[in-house]
Amino acid sequence: MKLKINRDHFSNGLAQVLNVVGSKATMPILSNVLIEAERDHVTLTTTNLDLGIRCKIKAEVKEGGAVTLPVKRLATIIRELPNVDVDFSATPNHQVKLTSGGSNFRIMGIGKDEFPPLPEFGDDRAFTLEQSELTAMLKSVAYAQSSDETRYILNGVYFNFKDGKLSLVATDGRRLALTSKELEVPEDAAGSIILPAKTVNELQRMLDKGEKLKVSFNERRAAFEIATDKDSSGLIDSIYLYSKVVEGNYPNYQQVIPKETHQRIKLERELLQQCIHRAALVCSEKSNSVKLKLSSNLLEITAQSPDFGEAHESMAISYSGPDLQVAFNPQFMLDPLKALSKDEVFFEVKDEVSPGVFKTLESFTCVIMPVRLS
Amino acid sequence: MPLTTIVHLDADAFFVAVELARRPELRGKKVAVGGGRRGIISSASYEARAAGVYTPMPSQRAIKICPDLILLPHEGDYAGVSRQMFDLCEDVTPWVQRNSIDEGYLDLGPCGLRSPEEIERVVRRLQTRIWDELKIPISMGVATNRLVAQIASKLRKPRGFVVVAAGEEEAFMAPLDIKEMSGVGPKTQTRLRAQGIQTMGDVVAMNDSALSALMGSGWREFRERCAGRDDRPVTPEREAAKSYSHQQTFREDIADRDRIESVVKGMIDDLMAKVRADGKRMRTLTILARYGDFSQESAGRSLPEATDLETAFYPLIQPLLAKAWRHARPLRLVSVRLSGVDDSPAQLGIFAQQDEKRRRLAGIMDQLNAKGRGSGLVRGHQLHTMPPPNTLAGPS
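Parameters and conventions
Residue numbers restart at each chain and count upward from 1, following the sequence in its written direction. Think of it this way: whatever chain is written first is A, whatever ligand is written first is 1, and the rest follow in order. At least 70 in pLDDT is required for a residue's local features to be given in this predicted model, at least 80 for side-chain atom pairs to be given and counted, and no such filter applies to totals for whole chains, interfaces and linings, which use all residues. Excluding hydrogens and water, the side-chain figures rest on all heavy atoms present in the structure. Helix numbers and strand numbers start at the N terminus; a helix is a DSSP run of H or I with at least 4 residues, a strand a run of E with at least 2. Categorising residues by exposure relies on relative accessible area from a 1.4 Å probe, with only protein chains included: less than 20% of the type maximum marks a residue as buried, more than 50% marks it as exposed, and the intermediate range marks it as partly exposed. Contacts are residue-level and defined by heavy atoms, with any inter-residue pair within 4.5 Å sufficient. We get accessible surface area from the Shrake-Rupley algorithm with a probe of 1.4 Å; when it comes to residues, only the shown protein chains can shield them. Salt bridges are identified by distance alone: a Lys or Arg side-chain nitrogen within 4 Å of an Asp or Glu carboxyl oxygen. Each pair of strands is called paired provided DSSP finds at least two bridges between the two strands. Geometry is summarised by axes, namely lines fitted to C-alpha atoms with helices restricted to the contacting stretch, and by angles between N-to-C directions that run from 0 to 180 degrees. For this analysis, a nonpolar core means a set of buried residues of the types Ala, Val, Leu, Ile, Met, Phe, Trp, Tyr and Cys, connected via side-chain atoms within 4.5 Å. Once two parts are brought into contact, the accessible area they lose, counted with a 1.4 Å probe and summed over both, makes up the buried area. Here a polar contact means two N or O atoms within 3.5 Å. Within protein one must be a hydrogen donor candidate and the other an acceptor candidate, and residues neighboring in sequence count only if both atoms are side-chain atoms.

Visitor: It is not clear to me how the overall build of chain B should be interpreted in this structure. Could you clarify?
Guide: Each helix and strand counted, chain B has 14 helices and 13 strands in total. The proportion of buried residues among the 396 residues of chain B is 43%. Partitioning the contacts of chain B with sequence separation of at least 6, the portion at a separation of at least 24 is 64%. For chain B, the accessible area works out to roughly 20,800 Å², and carbon and sulfur atoms hold 51% of it.

Visitor: Just checking my understanding: could you explain the pattern of salt bridges for this structure?
Guide: It is possible for side chains bearing opposite charge to pair when their charged atoms get close. In the structure shown here, the tally under the stated rule is 49 salt bridges over all chains. Notably, a salt bridge pairs Arg151 of chain A with Glu305 of chain B, separated by 3.9 Å at the nearest N-O pair. Note that Arg151 of chain A is positioned in the loop between α3 (131–141) and β11 (156–162) and Glu305 of chain B in strand β12 (residues 296–307), a pairing that runs across two chains. Arg151 of chain A sits in the partly exposed class, given a relative accessible area of 27%. Residue Glu305 of chain B is classed as partly exposed on the basis of its relative accessible area of 33%.

Visitor: Even after reading the chapter, I still don't get the sheet that holds strand β1 (residues 2–6) of chain A, so can you show me in this structure?
Guide: Paired through their backbone hydrogen bonds, the strands of a sheet run either parallel or antiparallel. Residue and element names in this part refer to chain A. Spatially, β5-β1-β7-β8-β9 is the arrangement adopted by the five strands of the open sheet, whose pairing is antiparallel. Among the strands making up the open sheet, the edge pair consists of β5 (60–63) and β9 (103–108). The sheet shows a mean angle of 20° between the axes of neighbouring strands, direction not considered. With four bridges connecting them, strand β7 (residues 85–90) and strand β8 (residues 95–100) associate as antiparallel partners. Bridge pairing in β8 links Ala90 to Val96.

Visitor: Help me out: how do you make sense of the side chain of Thr365 of chain A in this one?
Guide: All names here are of chain A. Structurally, Thr365 is set in strand β25 (residues 364–368). The class of Thr365 is buried, set by a relative accessible area of 11%. Apart from residues no more than four positions distant in its own chain, Thr365 is found in contact with Leu176, Ala177, Leu178, Ile257, Val357, Phe358 and Lys359.

Visitor: Would you mind going over the nonpolar core with me for this structure?
Guide: For soluble globular proteins, the rule of thumb is that nonpolar side chains tend to be buried together. Counting 103 residues, the largest nonpolar core has Phe10, Ile35, Leu44, Leu74, Phe88, Phe159 and Phe358 of chain A as its most contacted members. With residues near it in sequence (within four places) discarded, Leu44 of chain A still touches Phe10, Gly13, Leu14, Val17, Val33, Leu34, Ile35, Ile53, Arg54, Cys55 and Ile57 of chain A. Counting 34 residues, the second-largest nonpolar core is a separate cluster that includes Leu113, Ile119, Val122 and Val142 of chain B.

Visitor: Help me out: how do you make sense of the interface of chain A and chain B in this one?
Guide: As a measure of interface size, the accessible area lost when the parts come together is often cited. Taken residue by residue, the interface counts 19 residues in chain A and 14 residues in chain B. Interface of chain A and chain B: buried area, both sides summed, is about 1,600 Å²; carbon and sulfur atoms make up 59% of it. For the chain A face of the interface with chain B, the top three residues by lost area are Lys286, Met369 and Arg372 of chain A, together amounting to 38%. Summed over the shared surface of chain A and chain B, the number is four salt bridges. The residue Lys286 of chain A makes a salt bridge to Asp343 of chain B at a minimum N-O spacing of 2.7 Å. Where chain A meets chain B, there are six residue pairs in polar contact (both at pLDDT 80 or more).

Visitor: How should I be thinking about the sheet that holds strand β4 (residues 51–58) of chain A in this particular structure?
Guide: Residues and elements named next belong to chain A. Strands sit in the order β6-β2-β3-β4-β17-β16-β15-β10 across an open sheet of eight strands; the sheet is antiparallel. Both outer strands of the open sheet, β6 (65–70) and β10 (125–130), are each paired with one neighbouring strand and no more. Going from strand to strand, the sheet's axes swing by 15° on average, the running direction of each strand aside. Sheet topology places strand β16 (residues 221–227) next to strand β17 (residues 235–244); seven bridges connect them, and they run antiparallel. Its bridge partner being in β17, Phe224 is matched across the sheet by Leu241. Each of β4, β16 and β17 is contacted by helix α4 (residues 197–206), which is oriented at about 170° to β17, the strand it contacts most.

Now the structure itself:
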């Protein structure tokens, strides 16, 4: 195995696969990246068995072959090499020699035979999406995933392909974010998956390298083929991301989205975000809530913690409903406000124990449960 | 010379005192508070003590020893009276350390009192006030440190008032029997007495090597204490329940699982009403099962989040009871403990919006039950514990 490769391309390729390593104790090879050289490119693959990533980068391959190397250290070395041109060669006993300018490295690798192959699977159900669109959708819901491992069903984003649309949902049991877009879903292709949080993270990192992506899935696993046609640092074809899915039934989210609108107010997104952010500066772990008080054309936002002090913010709004107050965890309000990009949002409230709902004119909904006022 | 600002306050036969405050006609009689036929005496009046009743003693034995004993069930609001008692103490000084429901320390250091006489006047006034307002007799010890104050308060019960002047600590301690020192159990006593050590003074007089041979590594501290020296500060802490518990001893050992489950449920209902009244939420339920031979086992489990609703704990009852009650033998007692207090504002759950209805219902039940104690509003599973309903009122 012998090839010449651009340092920055190699580094970019490794950056794509770098985060996916398995536990060293059980299977040492899972901390390695599989490097396969053929024709005009090398293929880089990492996997932790639950999640795998594969990408291709341009290279001048003089002699094909394959080897695996510890991915974290390799990535660090490649990034630091002095010269853009890197010569890479592997001996049959898996020792790799790297040469770049005056630098020479010899690295011990492991043969490719032990490396578990990424499962490929037929197109059970497959859809093609715009990368930019999925990026925006994921951003607007991903923050609501649960990180509580005891609620593993909620540790991911729910993808629901059904009734002529794709809906993405995330919830941690206290707030829920939902967004959807129209999509042609043939009846026999309808289906849903819960994509694990870690995969969602990786997917978000991969997106926006090209126009389209293809998602295919069955009950146990999902795969994404992410086109890299907009990438200019060596990636070719597409990135392949394989993942197991969270198995189980996602809670019935439709049921918790309030059907009726009680009081609806239109708010300037950034202004509201700033007010809540400032008010929350006095919050503490023990008293982590901001109180929203609605009265005629006025929104007051207050927060306090007994040992520190209090904050009071006010915003002029258009409101003519009854006076009411309700308290929320400030983070739950800030997350959707930060994730959205529209200038205006709608916020719907009813009373101090009913959920607050953010909406935009696009199909976005974020339901937030209040903190009970004592 | 340091001032004698440390006070140990110890209520005399507290549970009995609380009951007698409710029924003064029983004052001067042989009264005890305790569980019924199979329970245990938890407090006895001094008249009853004179007849040989002590705590803890099985109620049955107490009645045998003292046939005219008036045995009262636990009915009074002990925690409430205790709180009032310590509130009165806090009128005197902010430095109040509650050790238990009926006993604690005060430090009058920050009160700006200048002479021992002044201090004594203030403490006596407090003793009188607690009696006048709550009808709880108190014994008090006043000294320069906690240890001496504590021993002094026990010296002339009931209604004792003992002041140990500054500089007199060692002389005060010297003639006292070693059994008065807390931490000296029967074994240590036997060991000490075998060497001819009877009093605190004897301990102080011993040479180092002999004492270290007897008492081991803690010998220096032990001698300091026997000499009446102690530098532990009075540490006031905010009173906050860390757990709520309830136990029930059955009249006869029972093996009926349904019945025990229902008893457990009933106890949880009672406790959660208190939890709600305190504005708290709880996370952990522990169930203890005790067999007829007093062997016991317990099992506990936590909810993902603290709750103020009893219904959230119901699903844990069966599995916990199965774990705690593993032997196929009847139980003498079950107890329930709720711990893991959370008193921060409650974040409502998105998939638990039904809970808001349950909470409203619980609030209404709590209110009705608070108006007249035992208004008799219970959940369905406790119906069998209620007296049979009156026959429908006919024309009268």
